[in-house]
Amino acid sequence: MGIALMAPHVPDIDENAYRHMTEGHVQEVCRPYSSRILHPFLLRALVGFGLTHESCGVVLNVVSGIVLLSCLLLLLRRVFPPSLEESTTCGWRKFAWELHVFGLLCVPIWWTWSTGRYMHDFFATAVSAVLFLVLIPPKSVAREGENEGHIFGGRLALVFCLLVILQMTRESTWVLTIVLTVLAIRRRQFRLALLSLLALFAGSAAVAWVSHGAPGPVTGLPLPLYLLSKALANGCANLLGVTPWNDAYARMLPLMYPDEPVWQISLPFQVGNISAVGIYSFSPSAVWPTFGHWLLAFPGALLLLVYTLLLKFEARICGKGDLTMRKNVPLGVQLALIAGFIYWLSVPFAGRSGFRLIGYAWPLFWIAIPYFHFRQIESRRDPKWTSGE
């Protein structure tokens, strides 16, 4: 049985593991932490410039924040409908509207990301924002009527490199890669699909080579089984308020489990390093933060979604232009919608740091929802824009 790796009053185990890797002890960190190699290596490289490890983390977070902010502003301009842009006579007024929407989408999660000196969340989000910037072409290119496959012709190598970087940063990148591969195949962009899969294998091979010799998970289970058990344990803690327990974690992480479990049972035979399992605590109130993270992590985007749905409902009632999601939607927007929704749903099973982990669903809230909001507004002015005529 897996166990949730975060608990109140306990130091951040994730950050401690990454700090150990930054100090050059990758082979001493258990998996899956040791597979997230790129960010600690970058911090270690920055130490060569005379900075402390924590100062390097601050520098990398600042750079990541600037890159992310710049990419988000550019992405908002790219999902802005061309005819709305042309119908707006005052350029500053249009740009102010975009800034207003962007401010609506900003959330305290920026602060959550920036406080982790050794965490890779800010860095991974910034790199993924660059990826979406590559996948969503400028309107000036799209309006030329070129085939979307040609638009990506000169960018395939960049997409490949970004996916490899993300795979070496966090293993959950496989969700983004698999969704991109499926979408590329459906659009008959077979070169993009092939390079996406090659990036997945290349990144995984690099991680396996660098982290070779690192110990397995604390429970002694094979990594796939450990990840599955961990997901189930996190789901129990976040959705049911039941915190699972096993003696392997209790022995190796006594600060996480200082008390005896409320219930336990010995296994008839040892499974990995586990000989007893049970329930450490039961707290129904622990469920509320999970739903709070779901609903409040991106409050501005959710308000924008509600407003968009109201516009769509009004359009249907009045027989005006309708929102068509299946036509003329850029590949990058489809990727943001599907992958972001998957990340959003998986938050309760990913860990106990829900407010931090839900940040990986940012493409859904900062790309897909604004795109369909603008598109719904456009459909009220020019139905041809959504009908594909």
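**Student:** What should I look at first to understand the pattern of salt bridges in this one?
**Tutor:** A side chain of one charge can pair with a side chain of the opposite charge if their charged atoms are brought near each other. Following the criterion strictly, the structure yields two salt bridges and no others. A salt bridge links Arg36 to Glu171; the shortest N-O distance between them is 2.6 Å. Taken together, the residues span a long stretch of sequence, with Arg36 in the loop between helix 1 (13-22) and helix 2 (38-47) and Glu171 in the loop between helix 10 (156-169) and helix 11 (173-186) at a distance of 135 residues. The buried category is assigned to Arg36, whose relative accessible area is 3%. A relative accessible area of 23% places Glu171 in the partly exposed class.

**Student:** Explanation requested: the nonpolar core in the structure shown.
**Tutor:** General note: in soluble globular proteins, nonpolar side chains tend to be found buried as a group. Core analysis: the largest hydrophobic core is formed by 89 residues, its most contacted members being Leu335, Trp362 and Phe365. At 11 residues, the largest contribution of residues to this core is made by helix 7 (residues 121-135).

**Student:** Looking at this model, I keep getting lost on the pairing of strand 3 (residues 274-282). Mind explaining?
**Tutor:** Two faces, one strand: in a regular strand the side chains alternate between the faces of the sheet. Sheet analysis places strand 1 (residues 242-246) next to strand 3, joined by five bridges and oriented antiparallel. Bridge pairing in strand 3 places Trp245 opposite Gly278. When strand 2 (residues 263-271) meets strand 3, the two strands line up antiparallel, connected through five bridges. Residue pairing in the sheet places Ser266 in a bridge with Ala276 of strand 3. Hairpin connection from strand 2 to strand 3: two residues lie between these consecutive antiparallel strands, with Gly272 at a positive phi of about 65°.

**Student:** Would you explain the side chain of Ser34 in this entry?
**Tutor:** Its location among the elements puts Ser34 in the loop between helix 1 and helix 2. Ser34 has contacts with Met21, Val26, Val29, Ser211 and Ala214, leaving out every residue within four places of it along the chain.

**Student:** Before we go on, may I ask you to explain the packing of helix 2 against helix 3 (residues 53-78) in this structure?
**Tutor:** Think of two packed helices as two axes; the pair is described by the angle between the axes and how far apart they sit. Contact geometry for helix 2 and helix 3: axes closest at 9 Å, N-to-C directions at 115°. Put simply, helix 2 runs roughly perpendicular to helix 3. Between helix 2 and helix 3 the crossing geometry is right-handed. Every residue of helix 3 that contacts helix 2 at His39, Leu42, Leu43, Leu46 and Val47 is listed here: His53, Cys56, Gly57 and Leu60. Among the residues forming the contact of helix 2 with helix 3, the class breakdown is six nonpolar, three polar and no charged.

**Student:** Sorry, what's going on with the sheet that holds strand 1 here?
**Tutor:** In sheet architecture, strand pairing relies on hydrogen bonds along the backbone and comes in two forms, parallel and antiparallel. Taken in spatial order, the three strands make up an open sheet running 1-3-2, and their pairing is antiparallel. Two strands bound the open sheet, and with one partner strand each, they are strand 1 and strand 2. Looking at each pair of strands side by side, their axes are set apart by 25° on average, direction ignored. The sheet strands contacting helix 13 (residues 223-240) are strand 1 and strand 3, and the helix crosses strand 1 at an angle near 150°.

**Student:** Help me understand the packing of helix 13 against helix 15 (residues 287-296) in this model?
**Tutor:** Across the interface, helix 13 lies against helix 15 with an axial gap of 6 Å and an inter-helix angle of 90°. With respect to each other, helix 13 and helix 15 are oriented roughly perpendicular. From helix 13, Asn238, Leu239 and Leu240 reach across to helix 15, where they touch Val287, Thr290 and Trp294. Each residue belonging to the contact of helix 13 with helix 15 can be placed in one class, and the counts come to four nonpolar, two polar and no charged.

**Student:** Hey, could you run me through the side chain of His39 in this one?
**Tutor:** Inspection of the secondary structure puts His39 in helix 2. Note on His39: relative accessible area 2%, which makes it buried. Excluding residues within four positions of it along the chain, His39 makes contact with Leu60, Tyr118, Met119, His120 and Phe123.

**Student:** Hey, could you run me through a nonpolar patch on the surface in this one?
**Tutor:** A surface patch of nonpolar side chains, about 470 Å² in accessible area, is lined by Trp174, Ile178, Val182, Leu197 and Phe201. In terms of residue count, helix 11 provides more of the nonpolar patch than any other element does, three residues in total. Note that Leu197 resides in helix 12 (residues 190-210).

**Student:** Teacher, can you tell me more about the confidence of the model for the protein chain here?
**Tutor:** Any residue range with low pLDDT should be treated as having predicted coordinates unsuitable for detailed reading. When the pLDDT values of the protein chain are averaged, the result is 76; 75% of them are 70 or greater. When mean pLDDT is taken per element in the protein chain, helix 11 scores highest with 93 and helix 20 (residues 384-387) scores lowest with 44. A low-confidence stretch, residues 1-11 stays under pLDDT 50, and its non-local contacts, those more than four residues away or across chains, total 46 contacts.

**Student:** What am I meant to see in unusual backbone geometry here?
**Tutor:** Of all residues except glycine, most have a negative phi; of all peptide bonds, most are trans. Despite not being glycine, Arg188 has its phi angle at roughly 60°, a positive value. Checked against the element boundaries, Arg188 lands in the loop between helix 11 and helix 12.

**Student:** What exactly am I supposed to notice about helix 3 here?
**Tutor:** Turn by turn, an α-helix covers 3.6 residues, leaving residues three or four places apart pointing in a common direction. Along its 26 residues, helix 3 runs 37 Å from first to last C-alpha, staying within 8% of the 38 Å computed at 1.5 Å per residue. Listed in full, the buried residues belonging to helix 3 are Cys56, Gly57, Leu60, Asn61, Ser64, Gly65, Leu68, Cys71, Leu72, Leu75 and Leu76.

**Student:** Looking at this structure, I do not really get the packing of aromatic side chains. What am I missing?
**Tutor:** Aromatic rings in a pair are described by how distant their centres are and how their planes are angled relative to each other. Following the criterion strictly, the structure yields four aromatic pairs and no others. With centroids separated by 5.6 Å and ring planes inclined at 80°, the aromatic side chains of Phe132 and Trp362 adopt a geometry described as edge-to-face. Highlighted residues: Phe132 in helix 7 and Trp362 in helix 19 (residues 362-381), separated in sequence by 230 residues. For the pair shown, Phe132 and Trp362 are each scored as buried. For the ring pair Phe341 and Trp344, a centre distance of 5.9 Å and an interplane angle of 35° mean the geometry is tilted. Remark: Trp344 and Phe341 occur in helix 17 (residues 331-350); sequence separation between them is three residues, near one turn of the helix.

Conventions we followed
- Residues numbered from 1 in each chain as written.
- Predicted model: local features only at pLDDT ≥ 70, side-chain atom pairs only at ≥ 80, totals over all residues.
- Heavy atoms only, no water.
- Salt bridge = Lys/Arg side-chain N within 4 Å of Asp/Glu carboxyl O.
- Helix = DSSP H or I, 4+ residues; strand = E, 2+ residues; numbered from the N terminus.
- Buried < 20%, exposed > 50% of the residue type's maximum accessible area, 1.4 Å probe, protein only.
- Core = buried A, V, L, I, M, F, W, Y, C linked by side-chain atoms within 4.5 Å.
- Pairing = 2+ DSSP bridges.
- Contact = heavy atoms within 4.5 Å.
- Axes fitted to C-alpha atoms, helices over the stretch in contact; angles between N-to-C directions.
- Parallel < 35°, antiparallel > 145°, perpendicular 65-115°, else oblique.
- Left-handed = near helix turned anticlockwise from the far one by under 90°.
- Nonpolar A, V, L, I, M, F, W, Y, C, P; charged D, E, K, R; others polar.
- Patch = residues over 30% accessible without salt bridge, like charges linked within 9 Å, V, L, I, M, F, W, Y side chains within 5 Å.
- Areas by Shrake-Rupley, 256 points an atom, 1.4 Å probe, with all protein chains shown as cover.
- pLDDT = per-residue confidence, 0-100.
- Expected span 1.5 Å × (residues − 1).
- Phe/Tyr/Trp six-rings, centres within 6.5 Å; stacked < 30°, edge-to-face > 60°.

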